[in-house]
Amino acid sequence: MLTKRIIPCLDVRNRLVTKGVRFQNNVDLGDPIEMAVAYSDNGCDELVFYDITASAERRPIDIEMVAEVGKVVHIPFAVGGGIRDLDDMYRVLLAGAEKVSVNSLAVDNPDIIAEGSRQFGAQCIVLGMDPVKADERRFPSGYEITTRGFRERTGMDALGWAKRAEDLGVGEIVVNSVDADGTREGFELELTRLIATNVGIPVVASGGAGTPQHLVDVFIKAHADAAIVASMTHMGDYTIGQIKDELASAGVPVRKKW
Amino acid sequence: MIAIVDYKAGNLTSVRLALEHLGVEAMVTQNPAEILTAERVIFPGVGAAGQAMADIHALGLIEPLKQVVAHGTPFLGICLGTQIIFEHSEEDAGTTCIGIIPGTVKRFTPSDPLCKIPQIGWNTVRFARPHPLFAGIENDSEFYFVHSFYPAPSDADYIAGTTEYAGVQFASAVGRANLFATQFHPERSGRIGLRVLQNFSEWDGTC
């Protein structure tokens with residue numbers, strides 16, 4: 001049976017993993033390579049790295065870091081932040097990443113999804129989206145897409161964008177609730193369920209994981225295919241093994257041998 | 001020396017890095033002479049069957065690939081590399097493939113709308129029989145999969161392992177004699193996947 005994936009997310013700034021609340025007040029936590037190896041050894045199913053300052057500093061993604069990760073991590077990993085065009089995607093994949101994640105770039109230029117998917121395969125292209133609660137009279141799903149780390153509103157409906165991205169050829173969608181990010185108060189289940197039950201591709205829930213029960217809920221109630229964790233495991237409050245034990249006892253299929 | 005066949009489709013880096021990690025010598029090549037004389041051959045791939053077959057035609061690799069398998073060279077197919085050594089794939093409105101293994105490659109057609117395509121993630125592989133490439137690995141271990149199509153060999157003797165998804169039990173590992181091929185990605189399957197590659201690097205092609 002296909003298992004539900006647990007994906008630690010490493011936000012990287014100046015070669016250090018960092019974590020904030022709602023994209024602010026970041027604290028530095030450690031070396032990304034060491035953390036990636038530890039997570040992989042401890043049974044995470046996949047990893048994602050975001051170069052969180054690349055876009056703001058108008059520089060390309062830190063490709064050397066991607067290559068270092070590729071040498072020591074032999075599970076799938078995705079990379080995002082600072083992707084500007086197809087050449088950047090190619091360099092990230094060539095350095096050993098399994099997937100490349102686009103967010104603001106795809107909003108600015110949706111064709112990049114179709115082009116990337118055609119050139120590298122749909123499974124390589126992940127759409128990250130940052131929806132916030134919005135007026136239902138203007139946004140049928142009740143959520144509006146934001147970009148550039150919540151700083152800019154786009155006027156785009158979250159579900160509409162998810163469906164369009166699926167048509168354009170993304171392999172999966174990471175739904176990151178800006179309202180829940182870093183709060184450790186649980187995933188935004190309504191939002192996740194809305195997207196997960198209305199597209200035919202896998203949906204990864206992101207933002208708000210604080211306890212193993214939050215993951216049980218997002219898998220069982222919201223039908224997510226995978227879930228992102230950060231604060232709850234970065235700080236050592238829970239191990240991946242503990243989360244998987246609780247998921248298994250709640251009847252959620254997880255990978256048990258690694 | 002292992003030859004990793006490069007036909008432009010897909011990302012060979014992870015295969016190369018996994019072998020480097022194991023201390024196994026490998027070269028990435030699209031040169032037929034190097035493929036024909038290699039001790040072992042890995043035929044990887046991600047992407048779409050139509051484009052992959054067009055590239056393999058253009059590079060003149062069809063006959064060399066058939067020959068290395070026929071000559072007894074240990075041969076490992078991975079993901080798209082596995083699919084296109086079948087006779088035919090349903091992908092890209094139907095693609096004629098290399099035809100080393102009898103059978104076709106079919107598209108998943110789930111009846112449950114919550115069953116997502118592609119299958120992305122870790123799924124269990126049940127061994128159909130013991131095989132040197134599964135040495136040291138527990139039955140029903142999980143491996144990493146990313147695919148929308150699955151191999152359907154017409155000769156059940158080829159089935160080395162099976163996996164369930166979208167209402168079908170499909171052949172996630174196939175093999176006969178010196179040929180072994182997986183739908184999953186051993187190079188992305190952590191310690192257990194590395195063990196498959198290690199086993200392959202030591203395999204003499206008999207089973």
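Now for a description of the structure that goes with this document. As the structure is a prediction and not an experimental result, all values here were calculated from the model.

With respect to the overall build of chain A
Helix and strand counts for chain A stand at ten helices and twelve strands. Radius of gyration (C-alpha) of chain A: 17 Å, near the 18 Å computed for a compact globule of 258 residues. Structurally, chain A occupies a C-alpha span of about 40 × 40 × 40 Å along its principal axes. For chain A, the share of sequence-separated contacts (at least 6 apart) that also reach a separation of at least 24 residues comes to 62%. In the form shown here, chain A has an accessible surface area of approximately 10100 Å², with 47% of it arising from carbon and sulfur atoms. Between the averaged position of the 28 positive side-chain charges in chain A and that of its 38 negative side-chain charges there is a distance of 2 Å.

Overview of the overall build of chain B
A count of helices and strands for chain B gives six helices and 13 strands. C-alpha extents for chain B along the principal axes are approximately 45 × 40 × 30 Å. Counting the 207 residues in chain B, one finds 60% classified as buried. Once local pairs closer than 6 in sequence are excluded, the contacts in chain B between residues at least 24 apart make up 69%. Both charge centroids of chain B, one from 13 positive and one from 21 negative side chains, sit 3 Å from each other.

Quick notes on the pairing of strand β1 (residues 2–5) of chain B
Residue and element names in this part refer to chain B. Neither face of β1 is open: one carries Ile 2 and Ile 4, the other Ala 3 and Val 5, and all of them are buried. One ladder, built from three bridges, connects β1 with strand β3 (residues 40–43); its direction is parallel. Residue pairing across strands places Ile 2 opposite Arg 40, the latter belonging to β3. Where β1 meets strand β2 (residues 26–29), four bridges bridge the pair, whose relative direction is parallel. By the bridge assignment, Val 5 is partnered in β2 with Thr 29.

Analysis parameters
Residues numbered from 1 in each chain as written. Chains lettered and ligands numbered in written order. Predicted model: local features only at pLDDT ≥ 70, side-chain atom pairs only at ≥ 80, totals over all residues. Heavy atoms only, no water. Helix = DSSP H or I, 4+ residues; strand = E, 2+ residues; numbered from the N terminus. Rg over C-alpha atoms; globule rule 2.2 N^0.38 Å. Contact = heavy atoms within 4.5 Å. Areas by Shrake-Rupley, 256 points an atom, 1.4 Å probe, with all protein chains shown as cover. Lys, Arg positive; Asp, Glu negative; His and termini not counted. Charge placed at Lys NZ, Arg CZ, Asp CG, Glu CD. Buried < 20%, exposed > 50% of the residue type's maximum accessible area, 1.4 Å probe, protein only. Pairing = 2+ DSSP bridges.

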